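Secondary and tertiary structure notes
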Amino acid sequence: MTPPPRRERRQPEVPEVPEVDVGDPERLYVITGGPDGAERAPLDLVTMIVAQMEPSPTVQPEQAAILRLCHRPLSVAEISAYLSLPFSVVTALLTELLATELVESRAPVVRAALPDRSLLEAVMHGLQKL
């Protein structure tokens, strides 16, 4: 008996990361609004972000990079990693994009809660009796 042929695994497609200059701490300070920055959207690391349209010439370069990256849903953590920007800076940028409805945030898909252990045991015993 011959084993089934092996299939090659496909590498996940990594989006092309636009160039963003993150070497200027003053720029990041201005983007986030400083210590008195406006209220930010309630985003966490696993919130999914998807762009609603292409970037216009009037948006900041960092926001344009986010819009180009998010043509498919990406988590806030992925955006932060791809752009090499701190989470707080990405959250500030996304707050502005959400306010102008250029992006949409989606809660991550949560796995359904596991059924009660007694129910699983009852099913297992029923299957064993078959």
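Fair warning: this is a prediction, and the values are worked out from it, not measured in the lab. (Residues numbered from 1 in each chain as written. Predicted model: local features only at pLDDT ≥ 70, side-chain atom pairs only at ≥ 80, totals over all residues. Heavy atoms only, no water.)

**Notes on a nonpolar patch on the surface**
Together, Leu119, Val123, Leu127 and Leu130 line one region of the surface with nonpolar side chains, adding up to about 460 Å² of accessible area. Along the chain, Leu119 falls in helix H5 (residues 117–129). Take Leu119: its relative accessible area is 46%, and that puts it in the partly exposed class. (Patch = residues over 30% accessible without salt bridge, like charges linked within 9 Å, V, L, I, M, F, W, Y side chains within 5 Å. Areas by Shrake-Rupley, 256 points an atom, 1.4 Å probe, with all protein chains shown as cover. Salt bridge = Lys/Arg side-chain N within 4 Å of Asp/Glu carboxyl O. Helix = DSSP H or I, 4+ residues; strand = E, 2+ residues; numbered from the N terminus. Buried < 20%, exposed > 50% of the residue type's maximum accessible area, 1.4 Å probe, protein only.)

**Side note on helix H2 (residues 61–69)**
H2 sits mainly inside the fold: seven of its nine residues count as buried. Every buried residue of H2 is accounted for by Glu62, Gln63, Ala64, Ala65, Ile66, Leu67 and Leu69.

**Structural notes on the nonpolar core**
Ranked by internal contacts, the top residues of the largest apolar core, which has 23 residues, are Ile49, Ile66, Cys70, Ile79, Leu83, Leu94 and Leu97. Elements represented by at least two residues in this core include exactly strand S1 (48–51), H2, helix H3 (76–83) and helix H4 (87–99). (Core = buried A, V, L, I, M, F, W, Y, C linked by side-chain atoms within 4.5 Å.)

**Points about the sheet that holds strand S2 (residues 74–75)**
With respect to topology, three strands assemble into an open sheet ordered S2-S1-S3, the strand pairing being antiparallel. The sheet is open, and its two borders are formed by S2 and strand S3 (103–106), each paired with just one other strand. As defined by bridge partners, S1 adjoins S3 across four bridges and the pair is classed as antiparallel. Across the sheet, the residue bridging to Ile49 is Ser105, located in S3. Running at roughly 110° to S3, H4 makes contact with S1 and S3 of the sheet. (Pairing = 2+ DSSP bridges. Contact = heavy atoms within 4.5 Å. Axes fitted to C-alpha atoms, helices over the stretch in contact; angles between N-to-C directions.)

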